[in-house]
Amino acid sequence: MARTHIVILGPPGSGKGTQAARIARELGLAHLSTGDMLRDAVARKSDLGVEAETYMKRGLLVSDEIIFGLIGEALDASKDTGWIMDGFPRNLVQAEMLTKMLGERGEKIDSVLDIDVDSELIVRRLSKRRVCPACKAVYNLDSIKTKTAGVCDACGGPLVKRPDDEENTVRRRLAVYKEQTAPVIEFFRKRGGLVTVNGAGDIEEIFAEIRRVLK
Ligand code: AP5
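Each chain carries its own residue numbering, running from 1 in the written order of its sequence. At least 70 in pLDDT is required for a residue's local features to be given in this predicted model, at least 80 for side-chain atom pairs to be given and counted, and no such filter applies to totals for whole chains, interfaces and linings, which use all residues. Side-chain calculation: all heavy atoms of the structure are included, whereas hydrogens and water are not.

Asker: Would you take a moment to explain the environment of Asp-142 for this structure?
Answerer: Structurally, Asp-142 can be placed in the loop between β6 (138-140) and α7 (167-191). A distance of 3.4 Å separates polar atoms of two side chains, one belonging to Asp-142 and the other to Lys-128. In this description a helix means any DSSP run of H or I spanning at least four residues, a strand means any run of E spanning at least two, and both kinds are numbered starting from the N terminus. Under this definition, polar contacts are N or O atom pairs within 3.5 Å; protein pairs additionally need one hydrogen-donor-capable and one acceptor-capable atom, and for neighbouring residues in sequence, both atoms have to be side-chain atoms.

Now the structure itself:
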């Protein structure tokens, strides 16, 4: 059976990670999140992580060279399962590079999902996001509460607020998204196969809509 390849786009905090994790579980795909890969590198204090952190904490994109290295390894590691890509491509150079890398592998993108959410809702959501650095689970003080405050339901680890979820950094990330990532939506729209999903509703309703459009 052909392996499925899905790209999920949308502004910071639109729910890409939340929905990508569900889709990956349902379809047995690898969930490739460049944000998670970078945060792992930052936590390990690798050379790549130290360099990436200077950009991430300011809400800016890290260099394409760093990202291409991570993506090349991730594509190799997920060649038998297929994947859903979350947080990449983030600008037109990355979109063109992904198309080229897949062409060289004889692979293609099957679906591109674009989650659309209003900026003010995003700022509110991200102020309430809490994450588990150990197992990558994502919670929200309003919408996805843990059984015990501050403790991950999945692994028992302590939850933290991401440093880039402070309001001024979120607003910078939204501006970077508008300038550099929004053109990627047009790039995929022109190629066909892009579907925009309203991300303002309930998490399970949005997931149901995504399942419907992927069929
Ligand atoms: P990255 O980690 O990719 O961050 P992002 O794209 O800004 O997206 P987020 O992870 O903030 O949000 P999300 O859309 O996944 O939302 P989530 O599901 O968590 O990137 C971080 C940084 O790394 C970048 O700024 C950049 O520096 C660097 N980087 C990464 N990739 C790069 C690349 N390719 N090139 C260059 N630099 C790169 O949901 C948000 C919150 O809302 C959660 O609390 C969740 O529980 C809640 N929630 C989700 N859906 C709903 C809903 N429907 N209703 C209510 N609450 C909801």
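Now, onward.
Asker: Looking at this structure, I do not really get the packing of helix α1 (residues 16-27) against helix α8 (residues 203-214). What am I missing?
Answerer: Think of two packed helices as two axes; the pair is described by the angle between the axes and how far apart they sit. It is at 10 Å that the axes of α1 and α8 come closest, and there the two elements cross at 55°. With respect to α8, the axis of α1 lies oblique. When the axes of α1 and α8 are compared, the crossing they make is right-handed. Residues Thr-18, Gln-19, Arg-22, Ile-23, Glu-26 and Leu-27 of α1 form the contact with α8, whose participating residues are Ile-203, Glu-204, Ile-206, Phe-207, Ile-210, Arg-211 and Leu-214. An axis is simply a line fitted to the C-alpha atoms; with a helix, the fit covers only the stretch in contact. Between two such axes, the angle follows the N-to-C directions and lies from 0 to 180 degrees. To sort the angles, those under 35 degrees are grouped as roughly parallel, those over 145 as roughly antiparallel, those from 65 to 115 as roughly perpendicular, and the leftovers as oblique. Note on convention: near helix rotated counterclockwise from far helix by under a right angle means a left-handed crossing. Clockwise means right-handed. Should any heavy atoms of two residues lie within 4.5 Å, those residues are considered in contact.

Asker: What's the story with the nonpolar core in this structure? I'm lost.
Answerer: Where a protein is soluble and globular, its nonpolar side chains tend to be buried together. Only buried Ala, Val, Leu, Ile, Met, Phe, Trp, Tyr and Cys residues count toward a nonpolar core, and they belong to the same one when joined by side-chain atoms within 4.5 Å. Throughout, exposure labels follow a simple rule: accessible area from a 1.4 Å probe, protein chains only, divided by the maximum for the residue type, with under 20% read as buried, over 50% as exposed, and the rest as partly exposed. Ranked by size, the top nonpolar core spans 31 residues in total, and within it Val-7, Leu-9, Leu-38, Trp-83, Met-85, Ile-109 and Phe-188 carry the most contacts. At 7 residues, the largest contribution of residues to this core is made by helix α4 (residues 64-77). With residues up to four places along the chain from it excluded, the contact list for Met-85 reads Ile-6, Val-7, Ile-8, Leu-32, Ile-71, Leu-75 and Leu-98. Grouped together as the second largest cluster of nonpolar side chains are 19 residues, Leu-29, Ile-84, Val-117 and Ile-122 included.

Asker: Is there a simple way to explain the sheet that holds strand β3 (residues 83-86) in this structure?
Answerer: By way of backbone hydrogen bonds, the strands of a sheet pair with one another, either parallel or antiparallel. Any two strands between which DSSP finds at least two bridges are classified as paired. If you trace the 5 strands from one edge of the open sheet to the other, you get β2-β3-β1-β4-β7, paired in parallel fashion. Of all the strands in the sheet, the pair left with one neighbour each is β2 (30-33) and β7 (194-198). Averaged over all pairs of adjacent strands, the angle between strand axes in this sheet comes to 20°, irrespective of strand direction. When β2 meets β3, the two strands line up parallel, connected through 4 bridges. Directly across from Leu-32, in β3, lies its bridge partner Met-85. Sheet contacts for α7: β1 (5-9), β4 (111-116) and β7; angle to β7, the most-contacted strand, approximately 125°. Here α8 sits on the sheet in contact with β1, β4 and β7, set at roughly 160° to β7.

Asker: Any chance you could explain the site of the ligand here in plain terms?
Answerer: Near the ligand there are 36 residues, and of these Thr-18, Thr-34, Leu-60, Arg-129 and Arg-173 occur at the shortest range. Within the contact set of the ligand, an oxygen atom lies 2.5 Å away from a backbone nitrogen or oxygen of Leu-60. For the ligand, whose unbound accessible area comes to 1,000 Å², protein coverage reaches 95%. Of all the secondary structure elements, the ones that give two or more residues to the shell around the ligand are α1, α2 (34-44), α6 (119-127), β6 and α8. Among the elements that take part in the shell around the ligand, α2 stands out by supplying 4 residues, more than any other. Among the residues forming the shell around the ligand, the class breakdown is 15 nonpolar, 13 polar and 8 charged. Proximity criterion: a residue is near a molecule or strand once any of its heavy atoms comes within 4 Å of it. Methods summary: accessible areas were calculated by the Shrake-Rupley approach with a probe of 1.4 Å, and residue burial reflects only the protein chains presented. Residues are sorted three ways: Asp, Glu, Lys and Arg are charged, Ala, Val, Leu, Ile, Met, Phe, Trp, Tyr, Cys and Pro are nonpolar, and all the rest, Gly among them, are polar.

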